[in-house]
Each structure stands twice: as C-alpha cells, then as structure tokens.
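Residue strings, one per chain:
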Amino acid sequence: MDLCHVPATREKGWYLALMAPNVKGPNYAWLDPSRLYCHPQGLQDCLADLLQPFQGDAIDMVAGIDAMGFILGAAAAATLRKGFLAIRKAGHLCVQTEAQPYSDYSGQQKLMELRTDAISPGLRILLVDQWVETGGTMRAAIELVERLGGVVAGVAAICMENSEGGKWIQERYKCSHCVPPRLQPHFDQHQLCWD
C-alpha cells in the first residue's frame, strides 16, 4: 500500500484500510493500526475524526495508555494544545504512583500505574488508546483517573468494539472512535472488510 497516496474522496474512516492484518498468530492483536500512523493525511484525518465530538468541551489534559495509546494521545494533546499524561504499565515510573490491576484483551492479568502528582481534583482528562476491545484496559485507566480526583472528559480510540466492556464505557462516558457504523459489525467480529 502506498503510504503517500491520498484518495480523492476522504470519508470518515477511509484510513482504516491502511491497517495491516495479523500474520503472526494468536499471541498478537488481530489488526495492526501502526501503518496508519505512517501516513501523514491518514493520521491527520484520524485525529480530526477522533477529536471532532470533543470540540468546545472542557479538556485540561490528554492521557494515553501504554504503549500504543501514547502515539494517538500525544498527537491529540498537541492538536488540542494540552499537556500529555502517560498511563504506564507497572514498574516504569520512578515517582509516587497509584496502581490498578486489569485484564487486557488477551485475558492476561496486568497492572497499570499513574503518577499521583499529575492529577488534581476536578482536572478534566480525555483518555486515549489505540483500541478498546474488551474494555479492561480502558476501564482500569478510568478507575485510576477517578480515584485521584480527575474527571473523565471523554474516551477516544480508533475502534471501540461492542463488547460487554466496550458497551459499559460507552454507556457511561462520552466516547469517540473512527469506525463508521456500517463497518462496526466487521470490527466487532474481527473481520477485514476492505479486501
């Protein structure tokens, strides 16, 4: 795929076709969005679509979830001219932290950490990750932010699957993702739909 080609008509989600399918087996996610980040217009349009629902909303900071959420989160923070907070996997921060256990999309038990000096009560935070599959990782990030007194201003990801956890998040928080409704069933079933 040409990483410089820009289609004449750019509908919401056109850049989803830049993502690459898993060719390495069940220990990996079913789809890899990282190629989308290599495409200048694809990345810009993805960010514009993700942030559009939050235009005019009070957002004080953007937080990205380790590790792929750092890419979109930092780009969103720069676009919004806000600070960026990294929510890390346990063991990477050398400062005082608050920790939260969670199960990721593969069912593995993990622990994430957030520095305790970055969130003051009432701080409005936009949480960003690459993908919300089961919702476990994002829900742990929400719990950390709220435990420290922050307010989740919204949740943004390239895709939010309609899993039980994904629905829980969408029912409780303002959310944004890039998958058009006509493609959502394909993404929920982990099926490529542009071949």
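Q: So what exactly am I meant to see when it comes to the nonpolar core here?
A: Across soluble globular proteins, nonpolar side chains show a tendency to be buried alongside one another. Grouped together as the largest cluster of nonpolar side chains are 30 residues, with contacts concentrated most on Leu16 and Phe187. Secondary structure elements with two or more residues in this core: helix H1 (34-38), helix H2 (40-51), helix H3 (69-80), strand E7 (124-132) and strand E8 (151-160). With 27 residues, the next largest nonpolar core counts Leu114, Leu144, Val152 and Ile169 among its residues.

Q: Explain the environment of Asp129 here, please?
A: For Asp129, the position within the fold is in strand E7. On a C-alpha basis, the gap between Asp129 and Trp30 in space is 16 Å, while along the polypeptide they are 99 residues apart. A polar contact of 3.5 Å, which involves the side chain of Asp129, links it to the backbone nitrogen of Gly69.

Q: I tried to follow the side chain of Glu161 on my own but got confused; where do I start?
A: Position of Glu161 relative to the elements: it lies in the loop between E8 and helix H5 (164-172). Of the buried charged residues, Glu161 lacks a salt bridge, with Lys167 as the closest side chain of opposite charge at 11 Å. A polar contact is formed between the side chain of Glu161 and the side chain of His190, at a distance of 3.0 Å. Those residues within four positions of Glu161 in sequence are excluded, and the remaining contacts are Trp30, Trp131, Val132, Glu133, Gly166, Lys167, Gln170, Gln184, Phe187, Asp188 and His190.

Q: Please explain the pattern of salt bridges as it appears in this structure.
A: Pairing is possible between side chains that carry opposite charge, provided their charged atoms lie close to one another. Within this structure, the stated rule accounts for 9 salt bridges. One salt bridge in this structure joins Asp57 and Lys174, with 2.7 Å as the shortest N-O distance. Taken as a pair, Asp57 in the loop between H2 and strand E3 (61-65) and Lys174 in the loop between H5 and strand E9 (175-177) lie far apart in primary sequence, 117 residues in all. Judged by relative accessible area, Lys174 falls into the partly exposed class, the value being 37%.

Q: Would you explain the pairing of E3 in this entry?
A: Regular strands place their side chains on alternate faces of the sheet. Counting buried residues in E3 gives 5 out of 5 residues, a clear majority hidden from the surface. The pairing of E3 with strand E4 (residues 83-89) spans 5 bridges and is classified as parallel. Bridge pairing in E4 links Met61 to Gly83. Running through H3, the crossover from E3 to the neighbouring parallel element E4 is right-handed. With 4 bridges joining them, E3 and E7 adopt parallel strand pairing. Bridged to Val62 within E7 is Leu126.

Q: Teacher, can you tell me more about H2 here?
A: Since the α-helix advances by 3.6 residues per turn, residues separated by three or four positions end up pointing in the same direction. Compared with an ideal rise of 1.5 Å per residue, which puts 12 residues at 16 Å, H2 spans 17 Å between its outermost C-alpha atoms and is within 8% of the ideal. Those residues of H2 that sit buried are Gly42, Asp45, Cys46, Leu47, Leu50 and Leu51. Packing partners of the buried residues in H2 comprise H1, H3, E7, E8 and E9.

About the criteria used
Residues numbered from 1 in each chain as written. Predicted model: local features only at pLDDT ≥ 70, side-chain atom pairs only at ≥ 80, totals over all residues. Heavy atoms only, no water. Core = buried A, V, L, I, M, F, W, Y, C linked by side-chain atoms within 4.5 Å. Buried < 20%, exposed > 50% of the residue type's maximum accessible area, 1.4 Å probe, protein only. Helix = DSSP H or I, 4+ residues; strand = E, 2+ residues; numbered from the N terminus. Polar contact = N/O pair within 3.5 Å; in protein donor to acceptor, adjacent residues only side chain to side chain. Lys, Arg positive; Asp, Glu negative; His and termini not counted. Salt bridge = Lys/Arg side-chain N within 4 Å of Asp/Glu carboxyl O. Contact = heavy atoms within 4.5 Å. Pairing = 2+ DSSP bridges. Right-handed = clockwise from strand over helix to strand, strands pointing away. Expected span 1.5 Å × (residues − 1).

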